[in-house]
Amino acid sequence: MVGTERTGPRRRRRWGPVLAQGPSLLVLGLVVLLPLLYSINLSFRSYSLVTPDHTGQWVGLANYRRLVRDSEFGHALVVTGVFVVSAVVLETVLGVVVGIFVDRLRRLRRPVISLLLLPMILTPLVVGLIFNFALNAQFGYLTWVLESVGFGQGVGVLNSGPGALAALVLIDVWEWFPFIALMVVAGLQTIPKEPLEAASIDGASTLQQYRYVTLPMLVPIVGVAILFRTTEAIREFDKVFVLTSGGPGSATTVNDLYQYRVSFLDWDLSYGATLGLVSFAAVLAMSALVFRTLRGKENQR
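Here the structure is a predicted model, which means the values were calculated and not measured.

### Let's talk about the nonpolar core
Link 1 in the chain: Formed by 31 residues in total, the largest nonpolar core has its most connected members in Phe83, Val84, Val98, Leu116, Leu158, Ile171 and Leu243.
Link 2 in the chain: Taken together, the elements giving at least two residues each to this core come down to helix 3 (71-104), helix 5 (124-134), helix 7 (161-190), helix 9 (206-234) and helix 10 (238-243).
Link 3 in the chain: The dominant element in this core, judged by the number of residues it contributes, is helix 7, at 11 residues.
Link 4 in the chain: Each residue touching Val98, except ones within four places of it in the same chain, is listed here: Leu116, Phe177 and Ala181.

See below:
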């Protein structure tokens, strides 16, 4: 009887958290797992809403072989890569500099942090609409400013391939560098002061303290911020759709926009599912690589 009485509480402690989380796990499975399994199954079939003979027949790896030969998908990957690398690098550099500057403020820190939050509060769709008006070739005030210094003369920035891609990168930097800056400010609040005091006693200048002491200790925090921004930038759609629709030509056709065209303009749902799964797997692999790298650096300390 004693053994049975002891086993009962142990079982309740073991299964209690599982039962408490059961509804959440059920909802997560319905929202995430079932659509994922459906997409995997769809990627091995031929299903289109506009082609009569493509009604879900099993085609095996045909969609994946098509993906390898798809030059438009390759171009979209290149555009996405240029956009992601350019935007995230600029956001990281600017965010670290601004974060250090904000951390050194005393009286104006809270108002400056509030200003930094403003671009992040706006949805990407609203940001796209704002800059679509500002960069309008006929009456946009940013177009007038850029033309006055020699950019986009007569045609507008968004009507040239390099100009449109550069504008998208800079708009993304304007919207999201505050995220990295605020992460840096939060990280600086948690850094121990002893290493900085020791470096100061040893005669290190302020710049040397930041370069050799502060920045190395910020690497895990900045790494997580870069991971978040990279995964979000890979999924960029709203601003591109509103500002350029992938043009001029295909100069700004990023991966998500190409998937949208395949799935909801061409209605080739099976090939669209294949594109989405490959992108999902690539983001997972990149995230795992970044976490493994950060964990390795943390273990080396």
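### Considerations on the environment of Ala186
Link 1 in the chain: Counting through the fold element by element, Ala186 comes out in helix 7.
Link 2 in the chain: The partly exposed category is assigned to Ala186, whose relative accessible area is 43%.
Link 3 in the chain: Note: C-alpha distance between Ala186 and Asp103 (83 residues apart in sequence) is 8.7 Å.

### Describing the pattern of salt bridges
Link 1 in the chain: What the rule picks out here adds up to seven salt bridges.
Link 2 in the chain: Two residues, Arg66 and Asp268, come together in a salt bridge whose shortest N-O distance is 2.7 Å. Taken together, the residues span a long stretch of sequence, with Arg66 in helix 2 (residues 62-69) and Asp268 in the loop between helix 11 (255-264) and helix 12 (269-299) at a distance of 202 residues.
Link 3 in the chain: The class of Asp268 is buried, set by a relative accessible area of 14%.
Link 4 in the chain: Among the salt bridges present, the one from Glu91 reaches Arg229, with a minimum N-O distance of 3.0 Å.

### Remarks on helix 7
The α-helix winds at 3.6 residues per turn, so residues separated by three or four positions along the chain end up facing the same way.
Link 1 in the chain: The terminal C-alpha atoms of helix 7 lie 44 Å apart, and with 30 residues this matches the ideal 44 Å at 1.5 Å per residue to within 8%.
Link 2 in the chain: At Glu175, helix 7 shows its largest kink, close to 40°, and the proline Pro178 lies no more than four residues downstream.
Link 3 in the chain: Judged by how many residues are buried, helix 7 sits mostly within the fold: 22 of 30 residues are covered.

### Considering the packing of aromatic side chains
Link 1 in the chain: If you walk through the whole model with that rule in mind, you get 11 aromatic pairs.
Link 2 in the chain: Measuring from ring centre to ring centre gives 5.4 Å for Phe237 and Phe241, while their planes differ by 20°; the resulting arrangement is stacked.
Link 3 in the chain: Look at Phe241 and you get partly exposed, because its relative accessible area is 35%.
Link 4 in the chain: With a centroid separation of 5.6 Å and an interplanar angle of 80°, the aromatic rings of Phe241 and Tyr260 are classed as edge-to-face.

### Quick word on unusual backbone geometry
Link 1 in the chain: Cis geometry marks the peptide bond from Gly247 to Pro248, where omega comes out at -5°.
Link 2 in the chain: Structurally, the position occupied by Pro248 is in the loop between helix 10 and helix 11.
Link 3 in the chain: In this model, Ser245 sits at a positive phi of 55°, which is unusual for a non-glycine residue.
Link 4 in the chain: Tracing the backbone shows Ser245 in the loop between helix 10 and helix 11.
Link 5 in the chain: Its relative accessible area of 41% is what places Ser245 among the partly exposed residues.
Link 6 in the chain: A positive phi angle, near 60°, is found at Trp267, a position not held by glycine.

Parameters and conventions
- Residues numbered from 1 in each chain as written.
- Predicted model: local features only at pLDDT ≥ 70, side-chain atom pairs only at ≥ 80, totals over all residues.
- Heavy atoms only, no water.
- Core = buried A, V, L, I, M, F, W, Y, C linked by side-chain atoms within 4.5 Å.
- Buried < 20%, exposed > 50% of the residue type's maximum accessible area, 1.4 Å probe, protein only.
- Helix = DSSP H or I, 4+ residues; strand = E, 2+ residues; numbered from the N terminus.
- Contact = heavy atoms within 4.5 Å.
- Salt bridge = Lys/Arg side-chain N within 4 Å of Asp/Glu carboxyl O.
- Expected span 1.5 Å × (residues − 1).
- Bend = angle between axes of the 7 residues up to and from the residue.
- Phe/Tyr/Trp six-rings, centres within 6.5 Å; stacked < 30°, edge-to-face > 60°.

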